[in-house]
Amino acid sequence: MVDVTLGQVIWSAVKPIIKIYLIIGTGFFLAKRNILTVETTRNISDIILTILLPCLVFNKIVSNIEDSDIKNVGIICLSSVIIFGTGGLCGIIVKLTSPVPKKWFGGLLAGAIFPNISDIPIAYLQTLDTGLVFTEDEGNKGIAHVCIFLAMFTLCLFNIGGFRLIEYDFRDILNPVVDEENQNEKIESSEGTRVPT
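Owing to the predicted nature of the structure, the values given are computational and were not obtained by experimental measurement.

## Some words on the confidence of the model for the chain
Move 1: Here the chain averages 82 in pLDDT, while 88% of its residues score no lower than 70.
Move 2: The secondary-structure element of the chain with the lowest mean pLDDT is helix α9 (residues 176-192), recorded at 59, while helix α3 (residues 70-97) shows the highest, at 93.

## A short note on the packing of helix α1 (residues 6-32) against helix α5 (residues 119-128)
Move 1: Direction vectors running N to C along α1 and α5 enclose 130°, while the axes themselves pass 9 Å from each other. Here α1 is positioned oblique relative to α5, judged by the angle of their axes. For α1 against α5, the interelement crossing comes out right-handed. Residues Ser12, Ala13, Lys15, Pro16, Ile17, Lys19 and Ile20 of α1 form the contact with α5, whose own contacting residues are Ile120, Ala123, Tyr124, Thr127 and Leu128.

## As for the pattern of salt bridges
Move 1: This structure, assessed with the given rule, holds 2 salt bridges.
Move 2: With a closest N to O distance of 2.8 Å, Lys141 and Asp69 form a salt bridge. Here Lys141, found in helix α6 (residues 136-159), pairs with Asp69, found in the loop between α2 (38-64) and α3; they are 72 residues apart in sequence, far enough to count as distant.
Move 3: The partner of Arg164 in a salt bridge is Glu167, and the shortest N-O contact between them spans 3.1 Å. With a gap of 3 residues between them, Arg164 and Glu167 both fall in helix α7 (residues 164-169), about one helical turn apart.

## Some details on the side chain of Asp69
Move 1: The class for Asp69 is buried, based on a relative accessible area of 8%.
Move 2: Not counting residues within four places of it along the chain, the set of residues in contact with Asp69 comprises Asn64 and Lys141.

## A word on the environment of Ile65
Move 1: Residue placement: Ile65 occurs in the loop between α2 and α3.
Move 2: Separated by 79 residues in sequence, Ile65 and Ala144 place their C-alpha atoms 7.1 Å apart.
Move 3: Those residues within four positions of Ile65 in sequence are excluded, and the remaining contacts are Lys60, Val73, Ala144, His145 and Ile148.

Parameters and conventions
- Residues numbered from 1 in each chain as written.
- Predicted model: local features only at pLDDT ≥ 70, side-chain atom pairs only at ≥ 80, totals over all residues.
- Heavy atoms only, no water.
- pLDDT = per-residue confidence, 0-100.
- Helix = DSSP H or I, 4+ residues; strand = E, 2+ residues; numbered from the N terminus.
- Axes fitted to C-alpha atoms, helices over the stretch in contact; angles between N-to-C directions.
- Parallel < 35°, antiparallel > 145°, perpendicular 65-115°, else oblique.
- Left-handed = near helix turned anticlockwise from the far one by under 90°.
- Contact = heavy atoms within 4.5 Å.
- Salt bridge = Lys/Arg side-chain N within 4 Å of Asp/Glu carboxyl O.
- Buried < 20%, exposed > 50% of the residue type's maximum accessible area, 1.4 Å probe, protein only.

In structure tokens, the structure reads:
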């Protein structure tokens, strides 16, 4: 058994958070200096979502998941669906029990259904797999499990269309022509049903 000091425990807990805040601070600094424009940020996001993230997922899952782990993969997929469903139910409860603005229903559901399930767990696992808490193999397997959650998140958010929940809040802005046509139809139908005096 390895003797671990309190300082090592505190440092291992704080180190991933420091990493994340350094990344956030770097992005904030680059945006303030106008090095990261909106278009540059969008391009970086596209590169991360379409190239880097799938490469990470593929690398970690293929190299750390074996045939004997297929049961665990099924459990992780089922757990993610249950987590997303529970989040959606909690979002509806919040909507019904608190003064949430009427035009913010889709964003509320999206925020409740789709939690942040990749950045912080991966940062912690990569920090804790130095042998202090986990071995490197255990850390890699943990990252592979997080990547399966991330794959389910991506499937539900993009492929199944969960992002449309956020679009729902902006339907008046995104479809002003349709709203004008509906308004004109209502006016015409109300004029047509008037009884002449």
